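Structural characterization, general
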Amino acid sequence: MVKQIHAEWYKAVHRPYFRNLILACALLSAGAVAMIYWLRDAAAVADQVNLPFAVASTLFLMVVGLYFVSVGADLVYSDQFKFNTLKNEVSFGLPRWAIYLSRWVVSLLVLLLALAVLAGIYLALSALLLGMPSEATALEQFNLSPNDALVMSLQALANYIFASFPLWLGGLSLMLCLMFLIFNNTFAAFSYLAAVAVLPPMLKELGNYVDPVFTHMYHLTLSYPFDIMNHATGPQAAEHFLLCWGIGLGWSLVSTVVGLAVFQRMEIK
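In short, a report on the structure. (Residues numbered from 1 in each chain as written. Predicted model: local features only at pLDDT ≥ 70, side-chain atom pairs only at ≥ 80, totals over all residues. Heavy atoms only, no water.)

Brief notes about the overall build of the protein
- Scanning the protein for helices and strands turns up 12 helices and 0 strands.
- Walking the protein from its N terminus toward its C terminus, one meets helices and strands in the order α-α-α-α-α-α-α-α-α-α-α-α.
- Taking all 269 residues of the protein together, the buried fraction comes to 42%.
- Within the protein, residue pairs in contact and separated by at least 24 positions form 80% of the contacts whose partners lie at least 6 positions apart.
- Accessible surface computed for the protein: about 14200 Å², of which carbon and sulfur atoms make up 70%.
- Averaging the positions of the 12 positive and the 14 negative side-chain charges in the protein gives two centres separated by 22 Å. (Helix = DSSP H or I, 4+ residues; strand = E, 2+ residues; numbered from the N terminus. Buried < 20%, exposed > 50% of the residue type's maximum accessible area, 1.4 Å probe, protein only. Contact = heavy atoms within 4.5 Å. Areas by Shrake-Rupley, 256 points an atom, 1.4 Å probe, with all protein chains shown as cover. Lys, Arg positive; Asp, Glu negative; His and termini not counted. Charge placed at Lys NZ, Arg CZ, Asp CG, Glu CD.)

Laid out in structure tokens, this is it:
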């Protein structure tokens, strides 16, 4: 299993796709900070656009990770039916469970590296270009000292990532399951987008206007915890963490079991 993971990692990081992904993450972070810096110069309250503000602004972007995981899965898995990679590995005698799980692990590692690049460059450039607020601004904006305001924003970011991580895992597992079951990468990607972006609001509206059972189904989707994430404060925060981990790990487990079960019996031509 370790050798299989090492082989998949070697193949992934030597693809132009990987270099382009890391470069895109770096440029995206740099562009976001540059835009904030430009808007700060044009704003009447320029001092309020600072490092703690930049960190706090990312809290509303956690749901983007649910779509970003599809890129990591596609990087590791794309066109494997087309180029007979899976057929060669199965013919060589590698266990199918090792083939499946090694791609899951490598996809996760690629995404963690991409997240580190996004967060590292964003925070470094925000500190360099935006800086810390003055004492007066921090008291007015956060009712805290500048250092305490920064610590509070970083703690909030860590909490949001901790709550979002299992949901990202669930999305990654679902995407890989679809890619193993569907022989067309494009169709698998659109199926994933339908599952995480189209189905949840449909279930929500059906629950409002047709039958409450659809509302309960909506509450089990990967999107639902993100919809209520910004409203989970105080005692509700602990319940929300449990909800995120329960739904995320549930989707991850079910998707992986289904994908493995079908792949074990699949005839690869």
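Remarks on unusual backbone geometry
- A positive phi angle is found at asparagine 143, which is not glycine, with a value near 60°.
- Mapped onto the fold, asparagine 143 is located in the loop between α7 (135-142) and α8 (146-181).

A closer look at the side chain of aspartate 74
- Looking at the element boundaries, aspartate 74 is found in helix α4 (residues 64-77).
- Buried charge aspartate 74 goes without a salt bridge, the closest partner of opposite sign being arginine 15 at 6.4 Å. (Salt bridge = Lys/Arg side-chain N within 4 Å of Asp/Glu carboxyl O.)

A closer look at the nonpolar core
- By size, the foremost hydrophobic cluster in this structure holds 41 residues, and its most contacted members are Leu172 and Tyr192.
- Contributions of two or more residues to this core are made by α3 (51-57), α4, α6 (96-129), α8, α9 (185-209) and α12 (235-265).
- Top element by residues in this core is α8. It accounts for 15 residues.
- Ignoring sequence-local partners within four residues, the contact set of tyrosine 192 consists of Leu66, Val69, Ser70, Gly171, Leu174, Met175 and Leu178.
- Ranked by size, the runner-up nonpolar core spans 14 residues in total, among them Ala12, Leu21, Cys25 and Val76. (Core = buried A, V, L, I, M, F, W, Y, C linked by side-chain atoms within 4.5 Å.)

A closer look at the packing of helix α2 (residues 16-42) against α6
- It is the contact of α2 with α6, at a shortest axis distance of 9 Å, that shows an interaxial angle of 25°. Relative to α6, the element α2 lies roughly parallel. Relative to α6, α2 is oriented so that their crossing is right-handed.
- Its residues assigned to classes, the contact of α2 with α6 shows 20 nonpolar, 2 polar and 1 charged. (Axes fitted to C-alpha atoms, helices over the stretch in contact; angles between N-to-C directions. Parallel < 35°, antiparallel > 145°, perpendicular 65-115°, else oblique. Left-handed = near helix turned anticlockwise from the far one by under 90°. Nonpolar A, V, L, I, M, F, W, Y, C, P; charged D, E, K, R; others polar.)

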